[in-house]
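One letter stands for each residue in the lines below.
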Amino acid sequence: MNHWLFKSEPDVFGIDHLAAKPKATEHWDGVRNYQARNFMRQMQVGDQAFFYHSNCDPPGIVGIVEVVRQAYPDHSAWNPDSKYFDPASTPDNPRWFMVDVRLVRKLPRLISLAELREHPALIDMPLVRRGNRLSVMPVPEQAWQLILAMAQGHDERFDKPL
DNA sequence: GCCAACGTTGGC
DNA sequence: GCCAACGTTGGC
């Protein structure tokens, strides 16, 4: 099982939008970046991911989702009326893919990007790397565990014996 | 609103 | 295949 992170703008599709969907489940369409697409194709049903709010104040991790359907063609690419329309993607030869995600829970509090940056243990996390613009990315296992602990109010930096 | 970082496009 | 121009992302 790998862990991931999905970015979304809360004004466009935030965690409360997902929560309001039937079964708190929605397809993650609109990814138009090859690297992000490739990550989605690696996802397995049952993989968990952070839900991240971008382009807002403050940006940060707000919840946990679970992949409930493996990657399948993103049909929004075939819809001329969609802003995600891409004539280069066809049903016979789909270029873009999506997964279905279900909201598992919101975190007890938002873990801001600034807070993530403060942790030395997280400096190699793709999310906090300079210039990163991927909307879908992996989360290293140690980072996953640490962030969950942070969300519960425990800061592992202060839990270690002297 | 600014702008750095990055991906994509297209001329050559 | 190179690379300049352009568009987008997203933090600040």
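Here the residue index of a chain counts from 1 through its sequence in written order. Chains carry letters from A onward and ligands carry numbers from 1 onward, assigned in written order. Local features in this predicted model are restricted to residues whose pLDDT is 70 or higher, and side-chain atom pairs enter the listing and the counts only when it is 80 or higher, whereas totals over whole chains, interfaces and linings include all residues. As a convention, hydrogens and water are excluded, and side-chain values are obtained from all of the structure's heavy atoms.

A. Quick peek at the pattern of salt bridges. Salt bridges are counted wherever a side-chain nitrogen of Lys or Arg sits within 4 Å of a carboxyl oxygen of Asp or Glu. One pass over the structure, following the stated rule, counts six salt bridges. Where Asp74 meets Arg32, a salt bridge forms, and the shortest distance between an N and an O atom there is 2.9 Å. Here Arg32 lies in the loop between strand S2 (25–27) and helix H3 (34–42) and Asp74 lies in the loop between strand S4 (60–73) and strand S5 (97–112), a separation of 42 residues in the sequence. Taking the relative accessible area as the measure of exposure, Arg32 reaches 27% and is therefore partly exposed. The partner of Arg95 in a salt bridge is Asp86, with the nearest N and O atoms 3.9 Å apart. Strands are runs of DSSP state E lasting at least two residues, helices are runs of H or I lasting at least four, and both sets are numbered from the N terminus onward. When accessible area is computed with a 1.4 Å probe and restricted to protein chains, residues below 20% of their type maximum are described as buried, those above 50% as exposed, and intermediate ones as partly exposed.

B. Layout of the protein's contact with DNA strand C. Whether a residue is near a molecule or strand is decided by its heavy atoms; if any one of them lies within 4 Å of it, the residue is near. Looking at DNA strand C, the residues that line it are Lys7, Tyr52, Ser54, Asn55, Pro59, Leu113, Arg117, Arg133 and Leu134. A share of 72% of the atoms of DNA strand C within 4 Å of the protein falls on sugar and phosphate groups. One of the side-chain N or O atoms of Lys7 is found 3.0 Å from a phosphate oxygen in DNA strand C. Between N or O atoms, a polar contact is any pair within 3.5 Å; within protein, one atom must be a potential hydrogen donor and the other a potential acceptor, and residues adjacent in sequence are included only when both atoms are from side chains. In the environment of DNA strand C, a phosphate oxygen lies 3.1 Å from a nitrogen or oxygen atom belonging to the backbone of Arg133. Split by residue class, the surface near DNA strand C holds four nonpolar, two polar and three charged. In this classification, Asp, Glu, Lys and Arg are treated as charged, Ala, Val, Leu, Ile, Met, Phe, Trp, Tyr, Cys and Pro as nonpolar, and every other residue, Gly included, as polar.

C. Region of the structure containing the protein's contact with DNA strand B. Residues in contact with DNA strand B, as listed here, are Tyr34, Arg130, Gly131 and Arg133. The sugar-phosphate portion of DNA strand B accounts for 62% of its atoms within 4 Å of the protein, the bases making up the rest.

D. Geometry of the sheet that holds S5. Taken in spatial order, the six strands line up as S2-S5-S4-S3-S1-S6 in an open sheet, and their pairing is mixed. What marks the edges here is a single partner per strand, and that holds for S2 and strand S6 (136–139). Adjacent strand axes in the sheet meet at a mean angle of 35°, parallel and antiparallel pairs treated alike. Judged from the three bridges that link them, S2 and S5 form a sheet pairing that is antiparallel. Looking at S5, one finds that His27 is bridged to Asp100. Residue contacts follow a heavy-atom distance rule, with two residues in contact if any of their heavy atoms lie within 4.5 Å. Every axis in this analysis is a line fitted to C-alpha atoms, fitted for helices over the stretch in contact. Angles between the N-to-C directions lie between 0 and 180 degrees. Docked against the sheet, helix H5 (residues 141–151) engages strand S1 (3–8), strand S3 (48–53), S4, S5 and S6, running at close to 45° with respect to S5. Paired strands are those between which DSSP finds at least two bridges.

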